[in-house]
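Structure at a glance
For reference, the chains in residue letters:
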Amino acid sequence: MSLREEKLLRRVTLASVGVAILLITLKLVAVISTNAISMMASLIDSTMDLFASLVTLTAVRIALQPPDEDHRFGHGKAEPLAALAQATFIAGSGAFLLLEAVQRLIRPQTVETVDLGIAVMLLSMVATGFLVLFQRHVIRVTQSTAIQADAAHYGSDFLVNAATIAALWLAQQGVHWIDPIFGAAVGGFILFSAWIVGRKALDQLMDREVLDGSEARIHAIAVSHPRVEAADHIRTRMAGRTMIIQLYIYLQNDLDLAHAHVIGDEVAEKIQEIFPGADVLIHEEPSTAHDLSSPKNGATYQESL
C-alpha cells in the first residue's frame, strides 16, 4: 500500500469520528427538546455511526500493519472483522428503535420545538454530505472494505436526515402518527443495512470465492502465455483489500524446473497487471498431469468468457 493511501485512510477515519461526535451532540440536544421518535431514530443512527467509525479507525490501523512472524499474510482481515462488529451493533440499534416506535404508536406523545429539530437536521445533512464525498474518494483510491461499510452508514444518514425533517414538519402540522411510523421505517432500514454489511464481511472471513468473473479472466491471462498449455484449479479470495489468487499452469513435460519458474513468474506479472496488488501463487506442473476430465479444465473457462 502506498504512503498516500495510508494517509487517506487515517484522515478519513478521523474525519468520520469527528463528524459522528458533532452530530450526536447536536441531535441529543434536539431529542431532549422535541421529544420526537424520528429525532431519536436519527440520534441512534449517529451513535451507531460513531461506534462504527471507532471500530473502523482501529481496524484500519491494524490492517495497515505489515506482515510479521505471527501473521505472514498480513492483517487485512481486521477490516471484515470490524465490518462484522459494525453489523452486530447496527442490528441491535435497529431492533431497539423498532420496539420504541411500537411503544409510541400505542402511547402517542406530543412533538415539541420542531424548528430546532429541523435546524439540527439541516446542519447534519451538510456535515454528512461533505464526509460522504471524502469517503467515496478514499474508497476509489484504496478499495477499503471498512471504509465502504462506514460510507454506507453515512450515506443512509443523509437520506434519514432528510426524511426526519419531513416527519418533524408533518408532526408539527398535526399528523402525529407519522413520527413513530417513521421511526419504525428507519429501524427496518437499519436492520436491512446490518444484513448487507454483515453478509459481505462473512464472505471475506469465510474465504468465499470472488464471484465477479475473475476466474475466467485469470484463466484467459494464464493460457495466453505461449508456453502455457492449460490452466486450472483457479482459486480466489479476499483478505481485506488484498486479492489472493492460486492456480495451476501446465507446461511441456521436458521443460526444466528453472524455466518453469520463469514462466510462472511471467504469468503472475501479467495477472498482477489486471489485478494490482494481488498475491498470486502459481503451481507449475507437467502437461501430463492435466486432468482433462476435471470440471475446471480449460474448456470450461473458455466457455464462460
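Our subject is the structure listed above.
Residues numbered from 1 in each chain as written. Predicted model: local features only at pLDDT ≥ 70, side-chain atom pairs only at ≥ 80, totals over all residues. Heavy atoms only, no water.

We now examine the overall build of the protein. On a plain count of helices and strands, the protein comes out with 9 helices and 3 strands. Reading the protein from its N terminus to its C terminus gives the helix and strand order α-α-α-α-α-α-α-β-β-α-β-α. Looking at the protein residue by residue over its 305 residues, the buried ones come to 47%. Once local pairs closer than 6 in sequence are excluded, the contacts in the protein between residues at least 24 apart make up 75%. As presented, the protein carries roughly 15200 Å² of accessible surface, and 63% of it is formed by carbon and sulfur atoms. (Helix = DSSP H or I, 4+ residues; strand = E, 2+ residues; numbered from the N terminus. Buried < 20%, exposed > 50% of the residue type's maximum accessible area, 1.4 Å probe, protein only. Contact = heavy atoms within 4.5 Å. Areas by Shrake-Rupley, 256 points an atom, 1.4 Å probe, with all protein chains shown as cover.)

Helix α6 (residues 178–205) packs onto helix α3 (residues 78–106) with a crossing angle of 160° between their chain directions and a minimal axis gap of 7 Å. The pairing of α3 with α6 is recorded here as roughly antiparallel in orientation. In the crossing of α3 with α6, the sense of the turn from one axis to the other is left-handed. (Axes fitted to C-alpha atoms, helices over the stretch in contact; angles between N-to-C directions. Parallel < 35°, antiparallel > 145°, perpendicular 65-115°, else oblique. Left-handed = near helix turned anticlockwise from the far one by under 90°.)

Glancing now at unusual backbone geometry. In this model, His-233 sits at a positive phi of 50°, which is unusual for a non-glycine residue. Position of His-233 relative to the elements: it lies in strand β1 (residues 230–239).

Our focus in this paragraph is helix α8 (residues 257–274). Side chains three or four residues apart in an α-helix point the same way, a direct result of the helix having 3.6 residues per turn. Between the first and last C-alpha of α8 there are 26 Å, a value that for 18 residues agrees with the 26 Å anticipated at 1.5 Å per step. Three or more residues of α8 are buried, namely Ala-260, Ile-263, Gly-264, Val-267, Ala-268 and Ile-271. In a view along the axis of α8, the buried residues occupy a sector of 140°, so they form one face of it. Projecting away from the buried face of α8 at angles above 90 degrees are the exposed residues Ala-258, Glu-269 and Glu-273. Buried residues along α8 sit against α7 (214–223), β2 (242–251) and β3 (279–286). Measuring from the side-chain oxygen of the N-cap residue of α8 to the backbone nitrogen of Ala-258 gives 3.1 Å; that N-cap residue is Asp-256. (Expected span 1.5 Å × (residues − 1). Arc of directions from axis to C-beta. Polar contact = N/O pair within 3.5 Å; in protein donor to acceptor, adjacent residues only side chain to side chain.)

Okay, the sheet that holds β1 next. Strand pairing within a sheet occurs via backbone hydrogen bonds; the two strands may be parallel or antiparallel. On the basis of which strands lie adjacent, the open sheet formed by 3 strands has the order β1-β2-β3 and mixed pairing. What marks the edges here is a single partner per strand, and that holds for β1 and β3. Going from strand to strand, the sheet's axes swing by 10° on average, the running direction of each strand aside. Relative to β3, β2 runs parallel, the two sharing 8 bridges. Pairing of Tyr-250 across the sheet is with Glu-285, part of β3. Along the sheet face, α8 touches β2 and β3 and points at about 145° away from the line of β3. (Pairing = 2+ DSSP bridges.)

Attention now moves to the packing of helix α1 (residues 3–34) against helix α4 (residues 114–142). Viewed as axis vectors pointing N to C, α1 and α4 meet at an angle of 165°, and their least axial separation amounts to 10 Å. Accordingly, the angle class assigned to the pair α1 and α4 is roughly antiparallel. In the packing of α1 onto α4, the handedness of the crossing is left-handed. Of the residues assigned to the contact of α1 with α4, the class counts are 17 nonpolar, 9 polar and 4 charged. (Nonpolar A, V, L, I, M, F, W, Y, C, P; charged D, E, K, R; others polar.)

The subject of this paragraph is a nonpolar patch on the surface. A cluster of nonpolar side chains, Val-102, Leu-105, Ile-106, Trp-177 and Ile-181, forms an exposed patch at the surface whose accessible area comes to about 500 Å². Among the elements that make up the nonpolar patch, the one with the highest residue count is α3 (3 residues). Along the chain, Ile-181 falls in helix α6. (Patch = residues over 30% accessible without salt bridge, like charges linked within 9 Å, V, L, I, M, F, W, Y side chains within 5 Å. Salt bridge = Lys/Arg side-chain N within 4 Å of Asp/Glu carboxyl O.)

The element β2 is largely enclosed, with a buried count of 7 among its 10 residues. Relative to β2, β1 runs antiparallel, the two sharing 8 bridges. By the bridge assignment for β2, Ala-231 is matched with Ile-249. With α8 bridging β2 and its parallel neighbour β3, the resulting β-α-β unit is right-handed. (Right-handed = clockwise from strand over helix to strand, strands pointing away.)

Let us look at the nonpolar core. Core analysis: the biggest nonpolar cluster contains 23 residues, and Val-19, Met-39, Tyr-154 and Leu-168 have the highest contact counts within it. Of all the secondary-structure elements, those providing two or more residues to this core are α1, α2 (37–63), α4 and α5 (145–172). Broken down by element, the residue count for this core peaks at 8 residues, all from α4. Residues within four places of Val-19 in sequence aside, it is in contact with Ala-127, Leu-131 and Tyr-154. (Core = buried A, V, L, I, M, F, W, Y, C linked by side-chain atoms within 4.5 Å.)

Another point: a negative patch on the surface. On the surface, Asp-265, Glu-266, Glu-269 and Glu-273 cluster together into a patch of negative charge. Overall, the relative accessible area of 55% leaves Glu-273 in the exposed class. (Lys, Arg positive; Asp, Glu negative; His and termini not counted. Charge placed at Lys NZ, Arg CZ, Asp CG, Glu CD.)

Moving on: the side chain of Gln-135. In this structure, Gln-135 sits in helix α4. What makes Gln-135 buried here is its relative accessible area of 0%. Apart from the residues within four sequence positions on either side, Gln-135 is in contact with Val-12, Ser-16, Ile-147, Asp-150, Ala-151 and Tyr-154.

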